[in-house]
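These are the residues of each chain, in order.
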Amino acid sequence: MTEFAVVTQGLTRRFGRLTAVDHLDLGVRAGELYGFLGPNGAGKSTTLRMLCGILEPSEGNGTVLGIDLRREPERVKSAIGYMSQKFSLYDDLTAEENLTFYARVYMVPRAERESRVAQMVRLADLVGQETKRAAFLSGGYRQRLALACAMVHRPRLVFLDEPTAGVDPVSRRNFWGLIRRLVEEGITVVVTTHYMDEAELCDTLGFIYQGRLIAQGTPAAIKSETFKKPVVEAETGDLRRALDLLGEWDAVEEALRAGTRLRVILADEGLTAEAVAGYLRARGVAVVWANEVEPSVEDLFVSFVDTERKARLREQLRAVSPHPAPLVPLTSSPLPGGERQGEGGEDRGEGRA
Ligand SMILES: Nc1ncnc2c1ncn2[C@@H]1O[C@H](COP(=O)(O)OP(=O)(O)OP(=O)(O)O)[C@@H](O)[C@H]1O
Ligand SMILES: [Mg+2]
């Protein structure tokens with residue numbers, strides 16, 4: 001019924017004198033994959049905890065699946081799924097026991113529990129790992145088990161807080177295949193990440209910086225509407241000198257090394273690749289070629305941040321994602337059980353006794 005799974009107005013959270021989340025107006029459409037991006041300490045986890053009904057906002061309002069955050073946080077908690085930044089698995093319990101535990105917490109009717117747990121084992125590709133204690137599962141399995149636990153009551157909306165941090169690339173790709181499958185089944189997914197390749201896969205992105213939402217929209221819309229700056233790549237004879245020269249030019253917002261190439265973000269909409277090539281050639285640097293290219297999500301993100309923080313932020317993004325391999329979601333297969341979710345407004349308590 002509701003077109004939006006999450007809507008907030010002026011959502012704010014203070015911790016003493018610190019405003020961790022500062023008047024956020026978010027809109028997450030039902031059925032979409034929403035990527036919530038921001039550097040360390042930007043306020044992502046704090047926002048998610050408020051949206052999950054776990055943390056009380058200091059100011060502002062919001063609804064999650066049509067439920068008022070402030071008035072009915074308990075209802076919000078049971079209607080959504082939440083995978084926290086440090087997965088809350090019980091190490092002494094087996095994979096299956098963890099699922100059963102969460103099925104009880106989320107009040108999955110007793111008669112359905114066993115089959116639901118089995119469905120989740122298949123969904124998260126945990127077959128063969130069911131009786132292993134969580135402590136002994138590998139990182140990729142732990143991560144998928146945590147997602148399965150968050151999904152055990154079949155919520156229509158799930159919040160995933162940095163689910164792939166510190167996980168190897170293959171597990172990361174599998175995990176994104178799983179996220180895609182959930183979205184194709186109509187489940188709304190809100191995911192926080194530092195990985196720019198993951199951000200590229202989202203339907204909508206929200207950038208948060210120092211507690212403030214600085215951009216929100218589809219990656220394409222943000223690129224075309226918010227980010228007007230041309231980006232130029234070039235192959236030059238002397239990369240180091242080219243970087244130095246461009247660094248001194250006011251028309252350049254940023255000049256970076258991208259492998260063996262030069263990547264230049266121009267400050268002025270009117271400038272072209274030709275202008276960059278001309279500038280360098282006039283100063284004795286050979287330019288093999290120079291072309292305008294699409295900005296990356298990383299460019300968008302970094303460009304919102306003040307100049308002195310740019311370099312540090314790029315470093316942080318690189319540190320977590322040194323060689324971003326393209327993440328191609330696996331081909332989809334329907335969720336076990338095949339029940340349709342995410343339609344109508346009447347089934348939001350589904351799965352609870
Ligand atoms: N319970 C708390 N008490 C005091 N300060 C807090 C609390 N929780 C978070 N903060 C502060 O609020 C700010 C936002 O933190 P938050 O965890 O939301 O950031 P984040 O975007 O999730 O960062 P990360 O990428 O590192 O997970 C930080 O400055 C953090 O230190
Ligand atoms: Mg966090």
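Check the entry above for the structure.
The structure presented is a predicted model; accordingly, all values stated were derived computationally and were not measured.

## Remarks on the overall build of the protein chain
Counting its regular elements, the protein chain contains twelve helices and 15 strands. Per-residue burial for the protein chain yields a buried fraction of 42% across its 353 residues. The long-range share in the protein chain, meaning contacts at least 24 apart out of those at least 6 apart in sequence, stands at 71%.

## Describing the environment of Trp 289
Tracing the chain through its elements places Trp 289 in strand β15 (residues 287-293). Residue Trp 289 is classed as exposed on the basis of its 11 C-beta neighbours within 10 Å. Taking the C-alpha atoms as reference points, Trp 289 and Ala 277, separated by twelve residues in sequence, lie 7.8 Å from one another. Those residues within four positions of Trp 289 in sequence are excluded, and the remaining contacts are Ala 234 and Glu 235.

## Considerations on helix α4 (residues 110-123)
A rise of 1.5 Å per residue sets the reference length of α4, with its 14 residues, at 20 Å; its end C-alpha atoms lie 20 Å apart and thus fit the reference within 8%. Along α4, the residues that are buried comprise Arg 116, Val 117, Gln 119, Met 120, Val 121 and Leu 123. Where α4 is buried, its residues meet α3 (95-105) and α5 (139-151).

## Side note on the packing of α5 against helix α6 (residues 169-184)
In the contact formed by α5 and α6, the axes pass within 10 Å of each other and the chain directions differ by 20°. Viewed along their axes, α5 and α6 adopt a mutual orientation that is roughly parallel. In terms of crossing hand, the pair formed by α5 and α6 is right-handed. In this structure, α5 contributes Gly 139, Gly 140, Gln 143, Arg 144 and Leu 147 to the contact, and α6 contributes Ser 171, Asn 174, Phe 175 and Leu 178.

## Here's the deal with the environment of Asp 25
Position of Asp 25 relative to the elements: it lies in the loop between β2 (18-24) and β3 (27-29). With 14 C-beta atoms packed within 10 Å, Asp 25 lands in the partly exposed category. For the pair Asp 25 and Leu 11, spaced 14 residues apart in sequence, the C-alpha separation works out to 6.7 Å. Residue contacts for Asp 25: discarding those within four places in its chain leaves Thr 8, Gln 9, Gly 10 and Leu 213.

## Re the sheet that holds strand β8 (residues 157-161)
Strands sit in the order β7-β8-β9-β4-β10-β11 across an open sheet of six strands; the sheet is mixed. Each edge of the open sheet carries a strand with a single partner, namely β7 (81-83) and β11 (212-217). The average undirected angle you get between the axes of adjacent strands in this sheet is 15°. Pairing between strand β10 (residues 204-209) and β11: five bridges, direction antiparallel. For Gly 206, the partnering residue across the bridge sits in β11 and is Gln 216. In the packing of α6 onto the sheet, contacts are made with β4 (33-37), β8 and β9 (188-193), and the angle to β9 comes to roughly 150°.

## What about α6?
Its 16 residues give α6 an end-to-end C-alpha distance of 23 Å, which sits within 8% of 22 Å, the value for a rise of 1.5 Å per residue. Those residues of α6 that fall on the buried side of the exposure criterion are Arg 172, Arg 173, Asn 174, Phe 175, Trp 176, Leu 178, Ile 179, Leu 182 and Val 183. Those residues of α6 that are buried are in contact with β4, α5, β8, β9 and α7 (196-199). Looking at the residues trailing α6, positive phi occurs at Gly 186, about 95°.

## Considerations on the packing of α3 against α4
Where α3 meets α4, the closest approach of the two axes is 10 Å, and the angle between their N-to-C directions is 125°. Between α3 and α4, the interaxial angle falls into the category oblique. Crossing angle aside, the handedness with which α3 passes α4 is right-handed. On α4, the residues that touch Glu 96, Leu 99, Thr 100 and Ala 103 of α3 are Arg 113, Arg 116, Val 117, Met 120 and Val 121. For the contact of α3 with α4, the residue count by class is five nonpolar, one polar and three charged.

## Describing the site of ligand 1
Surrounding ligand 1, one finds Phe 15, Leu 18, Ala 20, Gly 38, Asn 40, Gly 41, Ala 42, Gly 43, Lys 44, Ser 45, Thr 46 and Gln 85. Those elements that provide at least two residues to the shell around ligand 1 are β2 and α1 (44-51). By residue class, the composition of the shell around ligand 1 is four nonpolar, seven polar and one charged.

## Regarding unusual backbone geometry
For His 23, which is not a glycine, the phi torsion comes out positive at approximately 50°. Mapped onto the secondary structure, His 23 falls in strand β2.

## Digging into the nonpolar core
Counting residues in each nonpolar core, the largest one holds 77 residues, and the members touching the most others are Ile 80, Ala 148, Val 152, Val 158 and Val 189. A per-element tally of this core places α5 first, with seven residues. With sequence-adjacent residues up to four places away left out, Val 158 is seen in contact with Ile 80, Gly 81, Ala 150, Met 151, Leu 182, Ile 187 and Val 189. Counting 18 residues, the second largest nonpolar core, distinct from the first, contains Val 252, Leu 262, Ala 277 and Ala 290.

So, how was this worked out
Residues numbered from 1 in each chain as written. Chains lettered and ligands numbered in written order. Predicted model: local features only at pLDDT ≥ 70, side-chain atom pairs only at ≥ 80, totals over all residues. Helix = DSSP H or I, 4+ residues; strand = E, 2+ residues; numbered from the N terminus. Buried ≥ 20, exposed ≤ 12 C-beta atoms within 10 Å, placed from the backbone. Contact = placed C-beta atoms within 7 Å. Expected span 1.5 Å × (residues − 1). Axes fitted to C-alpha atoms, helices over the stretch in contact; angles between N-to-C directions. Parallel < 35°, antiparallel > 145°, perpendicular 65-115°, else oblique. Left-handed = near helix turned anticlockwise from the far one by under 90°. Pairing = 2+ DSSP bridges. Nonpolar A, V, L, I, M, F, W, Y, C, P; charged D, E, K, R; others polar. Near = placed C-beta within 6 Å. Core = buried A, V, L, I, M, F, W, Y, C linked by C-beta atoms within 7 Å.

Distances and angles like these do not, on their own, reveal function.
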